[in-house]
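Architecture and fold: a report
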Amino acid sequence: MNIRIQIIVGIVVILALVVIVNMIRQKKLELRYALSWLCVGIAVLVLDCFPQLITWLSWKVGIASPVNMLFFFGFCFSLIIIFVLTIAMSRMSIRIKELAQELALFEKEKKEADN
Amino acid sequence: MKKLIIIPAYNEEANIEKTVTAIQRDAKDFDYVIINDCSIDRTREICEEHGYNIVNLPINLGIGGAVQTGYKYARKHEYDMAVQVDGDGQHDPEFLNIMAEYIEKNQVDMVIGSRFIEKKGFQSSTARRVGIKFFSWLIKGLTGATITDPTSGLRMAGRNVIALFARDYPKDYPEPESVVAVLRKGMTVREIPVVMHEREGGVSSISPKKSVYYMVKVTLAILIERIRKY
């Protein structure tokens, strides 16, 4: 990996981290859900600064080409994030349903009490 | 005995008056509640003009969520029985009285109106009957109970089942799945023969394209219901 791509990747990752932190600050993103993205950003930054880590790691886990290892881990990580989001979404849709039902019944009761 | 009819309504401005009038005429012992599933037509206005008993959902929840709201209403107001009646004219109100009597006399938790005991009236298409037979066979294998018409929408719930459905009810295509849930809870389910009509208006929610999803979803739901922990 040459120094130019290292600098470009580094800048992009730092920018992304700044955006994420800023969104957390503005309460557009919950820290709970942003945590995994912050971790990815920091991990990529570390690997970007010390590319020999990738080579060392891929040799340790027994993957011949370091690039393959990056793709593989990246893919696995994406799947995990998507799955966690699906769980969060299911829970939310149940909660929204319960809230809507309670609200409708409450409104009904209130109307009857008013009359 | 307090008895409730749950009428889920989504864009039913054309039918809702007829449905409520039929209930007031033929099922006098029953109270009713319309669950307006955030209709975008004049369903709400029509009901309010006539002073119908209506609960308005703030967002569209789909059929399962709407009917469940009805069961929650039934539990809150301590009804002894609740039954769902759709606005498409498939179910005769006269059977409601027969079913209510059956529950009272035999102390069962749920009564299903089955088209296939006496095989009278509208018998659905061959393809649908094959699907229904399959679910019937699946439920028999998994729970040991004989349910000839597990997809029947004409089902009257007693207190225990009202409480169960108020807590937990499937989102879409709930009929076969919720029968298994009731059986798994050790509650008693009986069927009585009814005659159904071909629907008068509207279309089935199960189009040919959706029937594959329907079969897969309901089969999986029944299997998962069987291995669920209570």
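A brief look at the structure comes next. Since this is a predicted model, take the numbers as computed values, not measurements. (Residues numbered from 1 in each chain as written. Chains lettered and ligands numbered in written order. Predicted model: local features only at pLDDT ≥ 70, side-chain atom pairs only at ≥ 80, totals over all residues. Heavy atoms only, no water.)

Quick look at the overall build of chain A
Applied cut-off: Only DSSP runs of H or I with at least four residues qualify as helices, and only runs of E with at least two residues qualify as strands; both kinds are numbered from the N terminus onward. Each radius of gyration is computed over the set of C-alpha atoms, and the globule rule expresses the reference value as 2.2 Å times the number of residues to the power 0.38. The rule is simple: take the accessible area with a 1.4 Å probe, protein chains only, and divide by the maximum for that residue type; under 20% is buried, over 50% is exposed, in between is partly exposed. Throughout, a contact is declared for two residues whenever any of their heavy atoms are within 4.5 Å. Residue exposure ignores everything except the shown protein chains as possible cover, and the areas themselves are Shrake-Rupley values with a 1.4 Å probe.
When you go through chain A residue by residue, the secondary structure sums to 4 helices and 0 strands. In chain A, the succession of helices and strands from N to C terminus is α-α-α-α. Computed over its C-alpha atoms, the radius of gyration of chain A comes to 22 Å, more than 25% above the 13 Å expected for a compact globule of 115 residues. Considered along the principal axes of its C-alpha atoms, chain A spans approximately 75 × 30 × 15 Å. The buried share of chain A, taken over its 115 residues, is 18%. Long-range pairs, those at least 24 residues apart, make up 51% of the contacts in chain A with a sequence separation of at least 6. If you sum the accessible surface of chain A, you get close to 8,900 Å²; carbon and sulfur atoms cover 75% of it.

A look at the nonpolar core
All names here are of chain B. Test applied: Residues belong to a common nonpolar core when they are buried Ala, Val, Leu, Ile, Met, Phe, Trp, Tyr or Cys residues joined through side-chain atoms within 4.5 Å.
Judged by nonpolar contacts, the single largest core of 41 residues is most densely connected at Tyr71, Met110, Phe165 and Val182. Sequence-distant contacts of Met110, defined by excluding residues within four places in its chain, comprise Arg155, Met156, Val161, Phe165, Val179, Val182, Thr188, Val189 and Arg190. Within the second largest apolar cluster, 29 residues are counted, among which are Ala9, Phe30, Leu154 and Val194.

A word on the packing of aromatic side chains
For any pair of aromatic rings, geometry is given as the distance between the ring centres together with the angle between the planes. Keep this limit in mind: Think of it this way: a Phe, Tyr or Trp ring, Trp meaning its six-membered ring, pairs with another when their centres are within 6.5 Å, and the plane angle makes it stacked under 30 degrees, edge-to-face over 60, tilted otherwise. Two conditions define a charge sitting above a ring: the NZ of Lys or the CZ of Arg must be within 6 Å of the ring centre, and it must be within 35 degrees of the ring normal.
If you walk through the whole model with that rule in mind, you get 10 aromatic pairs over all chains. For the pair A:Phe72 and A:Phe73, a centre-to-centre distance of 5.7 Å together with 50 degrees between the ring planes defines the contact as tilted. On the accessibility criterion, A:Phe72 (46% relative accessible area) is partly exposed. Joined through ring pairs, the aromatic side chains of B:Phe134, B:Phe135, B:Trp137, B:Tyr173, B:Tyr213 and B:Tyr214 make up one cluster. The side chain of A:Arg32 reaches across the aromatic face of A:Tyr33, ending 5.2 Å from its centre. The positively charged end of B:Lys3 is found above the aromatic ring belonging to B:Phe30, 5.3 Å away from the centroid.

Quick look at the interface of chain A and chain B
We count it as follows: By buried area we mean how much accessible surface two parts lose on assembly, using a 1.4 Å probe and totalling the loss over both. Each reported salt bridge corresponds to a side-chain nitrogen of Lys or Arg within 4 Å of a carboxyl oxygen of Asp or Glu. Definition of a polar contact: a pair of N or O atoms within 3.5 Å, with one able to donate and the other able to accept a hydrogen when the atoms are protein atoms, and with sequence-neighbouring residues admitted only if both atoms are side-chain atoms. Residues are grouped as follows: Ala, Val, Leu, Ile, Met, Phe, Trp, Tyr, Cys and Pro are nonpolar; Asp, Glu, Lys and Arg are charged; all remaining types, including Gly, are polar.
Between chain A and chain B, the residue contacts involve 15 residues of the former and 18 residues of the latter. For the pair chain A and chain B, the two sides together bury roughly 1,400 Å², of which 52% comes from carbon and sulfur. Three residues stand out in chain A for area buried against chain B, namely A:Gln101, A:Leu105 and A:Lys108, and they jointly supply 38% of the buried area on that side. The tally of links from chain A across to chain B stands at 4 salt bridges. At the junction of chain A with chain B, the criterion picks out 10 residue pairs in polar contact (both at pLDDT 80 or more). Here the side of chain A that touches chain B is built from residues that sort into 5 nonpolar, 2 polar and 8 charged.

A look at the packing of helix H1 (residues 3-25) of chain A against helix H2 (residues 31-49) of chain A
Residues and elements named next belong to chain A. Basically, it comes down to this: To define axes, lines are fitted to C-alpha atoms, for helices over the stretch in contact only, and angles between the resulting N-to-C directions are given on a 0 to 180 degree scale. An angle below 35 degrees is treated as roughly parallel, one above 145 as roughly antiparallel, one from 65 to 115 as roughly perpendicular, and anything else as oblique. Two helices crossing with the near one rotated counterclockwise from the far one by less than a right angle form a left-handed crossing, whereas a clockwise rotation gives a right-handed crossing.
The geometry of H1 relative to H2 is characterised by a closest axis approach of 10 Å and an angle of 160 degrees between their N-to-C directions. By the criterion of interaxial angle, the relationship of H1 to H2 is roughly antiparallel. In this structure, H1 crosses over H2, and the sense of that crossing is left-handed. Two secondary-structure elements touch here, H1 through Ile5, Gln6, Val9, Gly10, Val13, Ile14, Leu17, Ile20, Val21 and Ile24 and H2 through Leu31, Ala34, Trp37, Leu38, Gly41, Ile42, Val44, Leu45, Asp48 and Cys49. Residue composition of the contact of H1 with H2, by class: 16 nonpolar, 3 polar and 1 charged.

Observations concerning helix H4 (residues 66-114) of chain A
Put simply, the test is: In this scheme, a helix's expected span is set at 1.5 Å multiplied by one less than its residue total.
With 49 residues, H4(A) should cover 72 Å at 1.5 Å per step; its first-to-last C-alpha distance of 71 Å lies within 8% of that length. Within H4(A), the full set of buried residues consists of A:Met69, A:Ile81, A:Ala88, A:Lys97, A:Ala100, A:Gln101, A:Ala104, A:Leu105 and A:Lys108. The elements touched by buried residues of H4(A) are H2 and helix H3 (52-61) of chain A together with strand E3 (54-56) and helix H3 (62-76) of chain B.

Quick notes on unusual backbone geometry
All names here are of chain B. Unusually for a residue other than glycine, Cys38 sits at a positive phi of about 60 degrees. Following the sequence through the fold, Cys38 ends up in the loop between strand E2 (30-36) and helix H2 (43-50). Relative accessible area serves as the criterion here: at 27%, Cys38 is assigned to the partly exposed category. For Glu78, which is not glycine, the phi dihedral falls at a positive 55 degrees. One can find Glu78 in the loop between H3 and strand E4 (81-84).

Comments concerning the side chain of B:Thr151
Residues and elements named next belong to chain B. The residue Thr151 is located in the loop between helix H5 (126-143) and strand E6 (155-157) in this model. A residue is classified by how much of its surface remains accessible, and Thr151, at 16% relative accessible area, is buried. Ignoring any residue separated from it by four or fewer positions in sequence, one finds Thr151 in contact with Arg115, Ile132, Phe135, Glu175, Pro176 and Tyr214.

Concerning the packing of H3(A) against H4(A)
Residues and elements named next belong to chain A. Viewed as axis vectors pointing N to C, H3 and H4 meet at an angle of 80 degrees, and their least axial separation amounts to 9 Å. The orientation of H3 relative to H4 falls into the category roughly perpendicular. Residues Ile54, Thr55, Leu57, Ser58 and Val61 of H3 touch H4, and the partners they reach there are Pro66, Met69 and Leu70. Its residues assigned to classes, the contact of H3 with H4 comprises 6 nonpolar, 2 polar and no charged.

Considering H5(B)
Residue and element names in this part refer to chain B. Quick reminder of the rule: Taken from the helix axis, the directions to the C-beta atoms give the arc we talk about.
With 18 residues, H5 should reach 26 Å at 1.5 Å per residue; the first-to-last C-alpha distance of 25 Å fits that figure. Turning to H5, its buried residues number three or more, namely Gly131, Ile132, Phe135, Ser136, Leu138 and Ile139. An end-on view of H5 places all buried positions within 165 degrees of arc, on one side of the element. Within H5, the exposed residues directed more than 90 degrees away from the buried face are Thr126, Ala127, Val130, Lys133, Trp137 and Gly141. Those residues of H5 that are buried lie in contact with helix H7 (175-184) and helix H8 (208-227). Following H5 by one or two positions, Gly144 has its phi on the positive side, about 85 degrees.

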